[in-house]
Amino acid sequence: MSVAFASNSTTTPSREARPLRVMIVDDSVVIRGLISRWVGAEHDMEVAASLRTGLEAVNQLERINPDVAVLDIEMPELDGLSALPQLLAKKRDLVIIMASTLTRRNAEISFKALSLGAADYIPKPESTREASAADIFHHDLIQKIRHLGARLRRKAAVASPPLAPASPAPAPRGPVARSAAPAPVVQAPSSGSLTTRPFSSQAPKVLLIGSSTGGPQALMSLVTELGPVIDRFPVLITQHMPPTFTTILAEHLARSSRRPASEAVDGEPVKPGRIYLAPGGKHMRVVRSGADVAISLDDGPAVNFCKPAVDPLFTSAIDVWHGNILSVILTGMGSDGMRGGKDIVAAGGSVIAQDEASSVVWGMPGAAANAGICAAILPLNQIGAKVNRLFAGDRS
């Protein structure tokens, strides 16, 4: 016999208990319909509004009061890039995910949006009739909404102390809109409470970096500090990002580091003095080529739902540099990089993870930290200095 218990929540659900409110802003009725159906099918989110222009979003923001906005770039009346600062001016903690098709212009606009306060971006498929492209768009968008929304709620919970328990609310009568309660967000241990292992006694000969959500901003900040390392050692980066976007990211990394940076080319030699970025849509590995090391790109299946993925780069590097590897796992969703990081540590190398407080999403670095493979878990603004010291001979 089942027994029903009254809820201890107040009649007004807390921000943590209620579904995430998602505002969809796109001039395409097809895209609005798709995203609305996807969001509506999730137990922990709901469609707050479906709007055609950025102007409608700005004018109706207070009434709608969304947690997350999916914002198209190209719209009539007020485009996404122009609407972005106006939306954030009205609601500072609004999570905005920019959506655009894969053109160079839109990629450049997406990078500009990140610098103006957008939380993330997502490429829209050229045609929603292509099943695989629509499936990837569906998966990635829902994951971004969920994880970025969860981070917003954690920040709000820290800022606001919990209220005293309220009197039990009366049991609801009649049918309810949702049959299942939102799944609780499982909190990982804070980065300060996790144990670390000693750094390798072997001198690193290569720097490998993996990143995803929040990665472009983190990478551009980090490489500004890595000049001494880049000049003497190869630096290889895998950032979860589609084609065209990686082309723009490489250009930004070159400007930030003041060193050569480009998308890697299959078969090219790996040398000190430059940054190699995995191109969108290809896994990047390294292989021995006689006495040299070369890039190997492949168009194999996604790994950890990603292409490029971090794990293929990390694991391939072991055959080339053995334990003389330093790897850094930056902000990002999922756990990509953790398995490759385990292999690097088993071979004698070291892993540094970005800490939770400075990460946009503490998925990838959190997975590595919780696996116990990290020699350090550091804020983003401390990683560059630590990497420089390690390559200069420090082993502490």
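Here the residue numbers are simple positions, counted from 1 along each chain's written sequence. Local features in a predicted model are, by the rule used here, given only for residues with pLDDT of at least 70; side-chain atom pairs are given and counted only at 80 or more, and totals for whole chains, interfaces and linings are based on all residues. Excluding hydrogens and water, the side-chain figures rest on all heavy atoms present in the structure.

Examining helix α6 (residues 215-223)
Step number 1: Exposure classes here rest on a 1.4 Å probe applied to the protein chains alone. A residue is buried below 20% of its type maximum, exposed above 50%, and partly exposed in between. Put simply, DSSP marks the helices as runs of H or I at least four residues long and the strands as runs of E at least two long, and each gets a number from the N terminus on. For α6, the buried fraction is high: seven of the nine residues fall into the buried class.
Step number 2: Along α6, the residues that are buried comprise Gly215, Pro216, Ala218, Leu219, Met220, Leu222 and Val223.

Some remarks on the packing of helix α4 (residues 104-115) against helix α8 (residues 245-257)
Step number 1: With their axes 9 Å apart at the nearest point, α4 and α8 run at an angle of 50 degrees to one another. As summarised for this structure, α4 and α8 are arranged oblique, according to the angle between their axes. Seen from above, α4 lies across α8 with right-handed handedness. Only Phe245, Thr247, Ile248, Leu249, Glu251 and His252 of α8 make contact with α4, whose side of the interface consists of Arg104, Ala107, Glu108, Ser110 and Phe111. For helices, the fitted line uses only the C-alpha atoms of the stretch in contact; every axis is such a line through C-alpha atoms, and the angle between N-to-C directions lies from 0 to 180 degrees. With respect to orientation, any angle under 35 degrees is reported as roughly parallel, any angle over 145 as roughly antiparallel, any angle of 65 to 115 as roughly perpendicular, and every other angle as oblique. Two helices crossing with the near one rotated counterclockwise from the far one by less than a right angle form a left-handed crossing, whereas a clockwise rotation gives a right-handed crossing. Only heavy atoms matter for contacts: two residues are in contact if any of them lie within 4.5 Å across the pair.

Looking at the pattern of salt bridges
Step number 1: For salt bridges, the criterion is a side-chain nitrogen of Lys or Arg within 4 Å of an Asp or Glu carboxyl oxygen. A complete count under the given rule lists 17 salt bridges for this structure.
Step number 2: Residue Arg259 is joined to Asp231 by a salt bridge in which the shortest nitrogen-to-oxygen separation is 2.6 Å. Note that Arg259 is positioned in the loop between α8 and β8 (261-263) and Asp231 in helix α7 (residues 227-232), a separation of 28 residues in sequence.
Step number 3: Residue classification places Arg259 among the partly exposed residues on the basis of a relative accessible area of 22%.
Step number 4: Judged by its relative accessible area of 43%, Asp231 is partly exposed.
Step number 5: Across the pair Asp292 and Lys271 runs a salt bridge whose closest N-O atoms are separated by 3.9 Å.

Focus: the side chain of Asn106
Step number 1: Among the secondary structure elements, Asn106 is positioned in helix α4.
Step number 2: The buried category is assigned to Asn106, whose relative accessible area is 2%.

Considering the sheet that holds strand β13 (residues 350-354)
Step number 1: The sheet built from seven strands is open, its strands ordered β8-β9-β7-β6-β12-β13-β14 with parallel pairing. Edge strands, defined here as strands with exactly one partner in the open sheet, are β8 and β14 (376-378). Ignoring strand direction, the axes of neighbouring strands in this sheet form an average angle of 20 degrees.
Step number 2: Two strands pair under a simple rule: DSSP has to find at least two bridges between them. With five bridges joining them, strand β6 (residues 206-211) and strand β12 (residues 325-329) adopt parallel strand pairing. Looking at β12, one finds that Leu208 is bridged to Ser327.
Step number 3: Most of the contacts of helix α9 (residues 310-321) go to β6, to which it runs at about 165 degrees, and overall it touches β6, β7 (235-239) and β12.

Some remarks on the environment of Ala83
Step number 1: Here Ala83 shows up in helix α3 (residues 80-90).
Step number 2: You can call Ala83 buried: its relative accessible area is 0%.
Step number 3: For the pair Ala83 and Glu56, spaced 27 residues apart in sequence, the C-alpha to C-alpha distance is 9.6 Å.
Step number 4: With residues near it in sequence (within four places) discarded, Ala83 still touches Gly54, Val58 and Leu78.

None of the figures reported here should be taken as evidence of function without further support.
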